[in-house]
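# Structural description and commentary
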Amino acid sequence: MIFLASILVAFLCVYIAASLLRGEPEPLNGRYSVPGRFYTLKKLLAVCIYRGRLFLKEKGPGTGNEPDRRKMGLGSPKGDLHTEGSQAKGGGGLGASSRSSAEEMECVQQLVDHPHAIDSVYFMGFTEMDKTFFAVRVCRKPDDFCEMWVLLRVEGVGDFQHPIHPDTITSVDSKNSWSAGGLKLEVLEPHQRWRIAFSGILRRGLYRDNWTEEEGELLHVKFTFIWTAFSSVFDFDTDLHPSAIAQAIAKEKWNKKFFENLKEYNQQQTHYEQWGQYVGAIEIEGYERTELLLRGVRDHSYGIRNWTHMHRYVLILAHFENGLSLNLITLSISATTTNMKIGYVMFPNGRKAAIDWSDASLADIADDGIIADLYRISFTAGGQLYHLQVSIDKNASPVMFGGLTWGGRIHECVANYRLNLTVRGWGIIEFHYRNESGRQAPDFIPVEKFQEPVVPECSELVLALSNEACQCAAVVGSKGAQLAQLTEMQKHIRNQFSVPAGLCVTIAALEYQMKMNSSLWQAVAELNDVICSTPKNENLRQLCQRCVELFRKTKLVSEIESAIRGQLEELRLLGAEERLAVRSSAVWEDTEDTSAAGQLETKLGLKGFEQACNAVQECWASLYSFQAVQYRSQRGQPVPSSMGVVIQQMVSAQAAGVLFTCDPVTGHSGRMIINANYGLGESVVSGHSEPDTITLSRSLKGQCQIIKMDIGAKKQHYQQNAEGGIISDPTFGSEAAKCSITEDIILRLGHVALQVEKAYGNARDIEWAVKDTKIYLLQARPITTFYTESEFELMHEFDSALSTDYEWMTTSNVGEMMPGAVTPLTSSTFVRAIEYALQELSMKAGGNPCFSPYNYKYLGICCSHLFMNLMGMNSNMEQNNLITQKNMSEFELLGRVVNELSLNDVALINGDSPLWKRIINAAQYVQYMTTADSRANRLMAKLKTFQIQPANKAQEFYFNIDRQLPEYFEAWCTSLSKSSSSGMWNAVLVSVLSQGKTKWTSELLADVAVLYSTCSDIVSADIPSCIEAIAEAIRTQDQCTEFLRLDAKTAVSWLLSQKSGEAGQKFQSFLQKHGFRCLREAELHEKSWTSDPTKLLPAIQIALQSKKLVVKKVEMSPEKAIDSLKSSVTWIRKCVLRLVLPRARKAIAEREQLKAEAIRMNDVFKVAYWRLAKLMLLEGYLPDEDLLFFLTHSEIGQVLQQRSSALVTKAQRRRRLLGKQMGLQFKEMNIGKPVPIDQCQSETNGRQIALQGMTVSQGIVKGTARVVKTILEADCIQMGDILIVTSTDIGWSPYFPLLGGLVTEIGGLLSHGAVVAREYGLPCIVSCRGATSLFKSGDTVILSGKNGFVQKVEEN
């Protein structure tokens, strides 16, 4: 030991001496550090320190089951989240996370108190078929500044950039969003889905690399994309390779100042990235709308970033055709690491590997500012060496300047890549230089946007429009607040317009009125109770009318009258010649989410105090009109509501109308639209007269020009009536033939509108009036329609992302379990649970290296239809595991082997394992399957008492559901583990029978069907027997004729009553045993048979009408089944079959039982969600219970916390689209993103049609084909029909006793239809693709379960 220590000391002495004698090398190009003295020792110390920080992070405190929730993609418990502006802190630093949850990382961050604070989001995407590309960025900075990028290239159309480029500085639209310059970025689900929307002007032409005043060719462009993640998150705080960090630190000279700088800079910024797929559309002025699929990266950075600290960097972002994604950055930070090379590789199977070495050198890559066409770089990641070739497109290399002072110059160059010479890639290479020349563009002067003041709680009954408190919508309502804001603005816009003098009756006044008149409170409370409990109550309209009349008749309390009179006198608005306008001003109207146009009362041309007071009562009354109540209810807003009332001087206008500061239809921000007519604006806003329509163009410098004038008919106009009110007068021909306003007024209106838009920071719908050339503004509400989701977007908003076009997606298997489209709630719970269970299975089998909680690797979604990803499923096979086989797996799942997809193809995308790893994976997989029984027992024991913890409030009950969701996920994991065990026994049986051959003949399949013809205790097969038993009991009681005459509701009531006798007992016993099931039973929207027993009535009635006798099936023992085999089987193999067959039969029964238990758990949550829907209805969050299922699980939480009317409206649009989605059909096998089949394709004609399928149950039958597309058509099934369907699930079970045979388009040996058909001895083939399209109901067909075909025959 002493000898070894001596050697070590001697070695250290030699190393130290050699290092001291060695001279310090010169930095490359005088700036980029290289390894010097003690480099190896310093690198070792740096690695130890960094790994220590990571170790402490991993050992940090945890809470409850949060790690499991994160793996499941559920995030933190919703009751614990507080994301309204995360704490003001910077990055976490190397080895330390900056935030504790995904929700906190993904929300808009509160900026730290530093002049260089940032909160930046960046997206870049590109197509792989052409040169279409885009990059957008919003970087929030202090004082409402932001850096904004919009770069776009569309193949065949041109290159586009935002008009402010190459400058990037502008004002942010809102402090609480990533939005500026027409660009809006918003997170939909943390680390899963984002929305990118732009509507504005872009400049077409060559990208500019310097500032010029010339505007160039400007076009209106609109695009919207949903970005969906297909990779995990790479956090630069915690995921960088220790060696890469250590190398950069070890190259530098170590001293006190270096470590102080390193500590300061290290903790300043958090930066993380993720790759995904974009689905969306682009609309360019003058061109057709184009739908696109792109792939690319998103980046979120927050903390502190000072561009002057950054000397240079070169960033490579690339995605390759094999699904691999790359980030490689070489950077030089003057104060810390001057030669750092970091990055990562994302693999399509979910694994991420940090880059630990690269030969990239800033000294060799455009250090002189001249960017070459081609670069070659090598790097290592995950133990692999990669060689990268970068080809830069010089025609797509825009230049951007960062910061107020243009401290950084960025070249965003589009590039093509080659990885290891063969794999194609696409992306960008970004060159950053310190910009020494400073800002060349004019200094950016931020527009001082109007900020609604924060005022203390106001108890005043009346406020003048000039009062600051009147500018707050919470005090006087939205319309009154906007008028007060315009009153304040007119002082700052050099009095280019006026706002008529006036006052607001405050919200407090309405509350006081109701407090002093309790009958008003009682009427509103009664109305609220009715609409929340029974929204379709026929008396609702009458109750609303009664409430309105009560408000109208209830005289204003004296204090309110006195306050109104005093303010009107002070404003001198009670003169004999004065006319008043009284307008409703509800809190929720004329906002960015709701408009409520025309629903609330407006009274014009009023004379005197008494008419004004009566109008205030009319306005309050309109708050509870049927239309207004329905409007709030349909948007999830409470029926009891607040309102102010505006009383304003009436302008005796010579012309009036509305002005939109951008085109309200297209969103074109370079156009303003004016509607105008003579007299008062009422004729325009009410639509009673065709107005003049004037279109103006607006330049970037704020200049307006008339480009089009359409003279309206203007047959009538409104004027004030001398007696009070307003009257309609005809417009004379000569006046109607010319424009109602002069060109001077038009241009002045345009200029005023631009000033108002700038002050608010968004587009406005402005009501105006003109008298004696003086412009009055009467309203300036936000235009709310630009960023509304299109139908295309809603159709595809939940589509899963594919990292490569070589993924194989099939409707088989999962299409049987969940045919048709799923609702958003089911997608966010059941589908995620199945995905998690498949990921767990794959990890145990060695196919998946880690959980991917934010991605779909084994399932897929398109237009809300479900698919199975064969590329992912086959990653578990023999290339990674000794005991699994691709052919057998596909045989069980699909009913056939997909020879076109080879294991080599799978390995190219998802990789393979060496022999030693395959042995370990096999052992893990066996251990996983051996635990299936114990997990199953725990699940069944748990379900005896399991329930969601009850609560009487919707939000509390939602939190209870959310906390228990991991139990739901675990139930599906248990079911899948049992299915896997069952599949393994089936694989052993088929392997023994086929003598290890992988090509299975129809004779072999027929023998397998014989072996499985008797499987006892099949849960799903018991359902038809029970239905037959109920029907037989009704016959026995001589109630058959009477029962068939009853409607469904009455029939169920009879069966549940004591009068029904034995039939009722059997029915109630059935519900107790199988009542948690139904058609599409995993869909949370579908009520179970217990919740809606009427769903069973068609099956019972058909069973009653049929004369088929229930024939007891002949049981076939394992010995007898083996002896009857047609295939040649050796004596030894028969012995093995005698051992395996009983276990394989039992495994099938257990598989069905565990699926039933998982469905039982699903029903617990289904009932809970319906209960939650009822609570949300009662509390006014939803207009009806059904709508809950068109929100995702997380969106429900948002509705409960924020009362988001936008989400409620979106849910209603989704519900309207569900029927269209259900009607879509897809090919059984899809390579790349699935595309719906064209429903207009021609049908096949001919005298004979024959299709081949997979035999799962023997027998030959000739009969009438019954093609049924949905369960709703099942009542047409007749006795002896040969049913031809896409697939069957448990909901079809009651119809099996009627059938003569079964054909399904998808399915496998162990699919539902196969299992039940064998139990009933029905000839059955599955995987018979195209059967529902080629055959028609009424065709005479022969179904051969022996030879595996169905054929149409012509009757003579």
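Below: a short report on this structure. Because the structure is a prediction, the values reported are computed rather than measured. Sequence order as written defines the numbering, with residues in each chain counted from 1. Two thresholds apply to this predicted model, a pLDDT of at least 70 for residue-level local features and 80 or more for giving and counting side-chain atom pairs, whereas whole-chain, interface and lining totals are computed over all residues. Side-chain numbers here rest on the full set of heavy atoms in the structure, without hydrogens or water.

With that settled, consider the overall build of the chain. A tally of helices and strands in the chain yields 38 helices and 46 strands. For 1356 residues, the compact-globule estimate of 2.2 N^0.38 gives 34 Å, and the chain sits close to it at 36 Å. Projected onto the principal axes, the alpha-carbon positions of the chain cover approximately 110 × 105 × 60 Å. Here the term buried applies to any residue with accessible area under 20% of the maximum for its type, exposed to any over 50%, and partly exposed to those in between, with areas from a 1.4 Å probe on protein chains only. The buried share of the chain, reckoned over its 1356 residues, is 60%. Think of it this way: any DSSP run of H or I at least four residues long counts as a helix, any run of E at least two long counts as a strand, and we number them from the N terminus. The reference for a compact globule is 2.2 Å times residues^0.38; the radius of gyration itself is calculated from the C-alpha atoms.

Let us look at the packing of helix 24 (residues 915-930) against helix 25 (residues 932-943). At a minimum axis separation of 4 Å, helix 24 and helix 25 run at an interaxial angle of 30°. Contact residues: Tyr928, Met929 and Thr930 in helix 24; Ala932, Asp933 and Arg935 in helix 25. In the contact of helix 24 with helix 25, the residues fall into three nonpolar, one polar and two charged. Think of each axis as a best-fit line through the C-alpha atoms, taken over the contacting stretch in the case of a helix, with angles from 0 to 180 degrees between the N-to-C directions. What makes two residues a contact is simply this: any of their non-hydrogen atoms within 4.5 Å. When residue character is reported, Ala, Val, Leu, Ile, Met, Phe, Trp, Tyr, Cys and Pro are called nonpolar, Asp, Glu, Lys and Arg charged, and the others, Gly included, polar.

Attention now moves to the sheet that holds strand 36 (residues 859-862). Pairing between sheet strands relies on hydrogen bonds along the backbone, with the strands arranged either parallel or antiparallel. Note on pairing: DSSP must find at least two bridges between two strands before they are called paired. With antiparallel pairing, the four strands of this open sheet are ordered in space as 36-37-35-38. If you trace the sheet from one side to the other, it starts and ends with strand 36 and strand 38 (1229-1231), each paired once. Within the sheet, the average angular offset between the axes of one strand and its neighbour, ignoring direction, is 35°. Note: strand 36 against strand 37 (residues 865-869), four bridges, orientation antiparallel. What sits directly across from Leu859, in strand 37, is Met868.

Let us now look at helix 13 (residues 608-622). Taking 1.5 Å of rise per residue, the 15 residues of helix 13 would be expected to cover 21 Å, and the 21 Å separating its terminal C-alpha atoms lies within 8% of that figure. Residues of helix 13 that are buried: Phe609, Ala612, Cys613, Ala615, Val616, Gln617, Cys619, Trp620, Ala621 and Ser622. Here the expected span of a helix is defined as 1.5 Å times the quantity of residues minus one.

Moving on: the pattern of salt bridges. We define a salt bridge as a contact between a side-chain nitrogen of Lys or Arg and a carboxyl oxygen of Asp or Glu at a distance within 4 Å. Using the criterion set out here, one finds 65 salt bridges in the structure. For Lys352, the salt bridge is made with Asp239, and the minimal N-O distance between the two is 2.9 Å. Here Asp239 lies in the loop between strand 10 (234-235) and helix 5 (242-250) and Lys352 lies in strand 16 (residues 352-358), a separation of 113 residues in the sequence. In this structure, Arg1035 engages Glu1032 in a salt bridge whose closest nitrogen and oxygen atoms are separated by 2.9 Å. Taken as a pair, Arg1035 and Glu1032 lie in helix 28 (residues 1019-1036) at a separation of three residues, close to a single helical turn. In this structure Arg1035 comes out as partly exposed when scored by relative accessible area, which is 24%.

Let's shift gears to empty space enclosed by the protein. In this analysis the probe radius is 1.4 Å and the grid spacing 1 Å, with only protein atoms considered; a cavity is a set of points the probe fits into but cannot get out of, a pocket is an open set with protein on both sides within 12 Å along at least five of seven lines, and lining residues have an atom within 4 Å of a point. Grid points are joined across faces, edges and corners, and a volume is the space filled by probe spheres set on the points. Applying the stated criterion across every chain yields a total of eight cavities of 30 Å³ or more. In this structure, the largest cavity encloses a volume near 780 Å³. Looking at the largest cavity, it is lined by 35 residues, and the ones nearest its centre are Tyr265, Gln269, His271, Ile329 and Leu331. Secondary-structure elements contributing two or more residues to the lining of the largest cavity are strand 1 (117-126), helix 5, helix 6 (256-266), strand 11 (269-284), strand 12 (290-304), strand 13 (310-320), strand 14 (325-333) and strand 15 (340-346). Considering only residue class, the lining of the largest cavity consists of 20 nonpolar, nine polar and six charged. Looking at the second largest cavity, it is lined by 19 residues, and the ones nearest its centre are Pro348, Glu807, Tyr856, Lys857 and Asn869.

Across the sheet, which stays open at both edges, the six strands sit in the order 30-29-28-27-33-34 with antiparallel pairing between neighbours. Either end of the sheet is taken by a strand with one partner, and the two such strands are strand 30 (704-710) and strand 34 (774-782). Each adjacent strand pair in this sheet contributes to an overall mean axis angle of 20°, direction not counted. Against the sheet, helix 8 (residues 478-492) makes contact with strand 33 (764-771) and strand 34, and its axis sits at roughly 135° relative to strand 34, the strand it touches most. The strands touched by helix 17 (residues 743-760) are strand 27 (655-660), strand 28 (671-678), strand 29 (692-698), strand 30, strand 33 and strand 34; relative to strand 30, the strand with the most contacts, the crossing angle is about 120°.

With that settled, the discussion passes to the packing of aromatic side chains. Stacked, tilted and edge-to-face pairs are distinguished by plane angle, under 30 degrees for stacked and over 60 for edge-to-face with tilted covering the rest, among Phe, Tyr and Trp rings (Trp via its six-membered ring) whose centres lie within 6.5 Å. Evaluation of the coordinates by the stated rule reveals 35 aromatic pairs. Summarising the aromatic geometry, the rings of Phe223 and Phe225 are spaced 5.7 Å apart at their centres and angled 40° between planes, so their arrangement reads as tilted. Accessibility expressed as a relative area gives 1% for Phe223, which makes it buried. With a relative accessible area of 1%, Phe225 lands in the buried category. One aromatic cluster in this structure is built from Phe123, Phe134, Trp178, Trp194, Phe198, Phe223, Phe225, Trp227 and Tyr278. Looking at Arg635, its charged tip hangs above the ring of Tyr631, at a distance of 3.8 Å from the centre. A cation sits over an aromatic face here: Arg1203 above Tyr1181, 4.0 Å from the ring centre. Look at NZ for Lys and CZ for Arg. If either is within 6 Å of the ring centre and within 35 degrees of the ring normal, a charge sits over the ring.

The next subject is the environment of Asn881. With respect to the helices and strands, Asn881 occurs in the loop between helix 21 (870-873) and helix 22 (886-894). When the C-alpha atoms of Asn881 and Ser1124 are compared, they prove to be 35 Å apart, with 243 residues separating the residues in sequence. Those residues in contact with Asn881 that sit more than four places away from it in its chain are Ala845, Asn876, Arg918, Asn921, Ala922 and Tyr925. Among the polar contacts made by the side chain of Asn881, one reaches the main-chain carbonyl oxygen of Asn921 at a distance of 3.4 Å. N or O atoms closer than or at 3.5 Å make up a polar contact, with two conditions inside protein: a donor-capable atom paired with an acceptor-capable one, and, for residues adjacent in sequence, both atoms drawn from side chains.

Moving on, we get to the nonpolar core. Put simply, buried Ala, Val, Leu, Ile, Met, Phe, Trp, Tyr and Cys residues joined by side-chain atoms within 4.5 Å make one nonpolar core. In this structure, Tyr1169, Leu1172, Met1176, Leu1188 and Ile1196 are the most contacted members of the largest nonpolar core, which totals 88 residues. When residues of this core are assigned to their parent elements, the largest contribution, 14 residues, is made by helix 34 (residues 1131-1178). The contacts of Leu1188, once residues within four sequence positions are left out, are Leu825, Tyr1169, Leu1172, Ala1173, Met1176, Leu1182 and Ile1196.

Time to look at the pairing of strand 15. Most of strand 15 sits out of view: seven of its seven residues are buried. In sequence, strand 14 turns back onto strand 15 through a hairpin of six residues. With three bridges connecting them, strand 15 and strand 16 associate as antiparallel partners. Following the sheet pairing, Tyr344 is matched in strand 16 by Ala354. Joining the antiparallel neighbours strand 15 and strand 16 is a turn of five residues, in which Gly350 adopts a positive phi near 100°.

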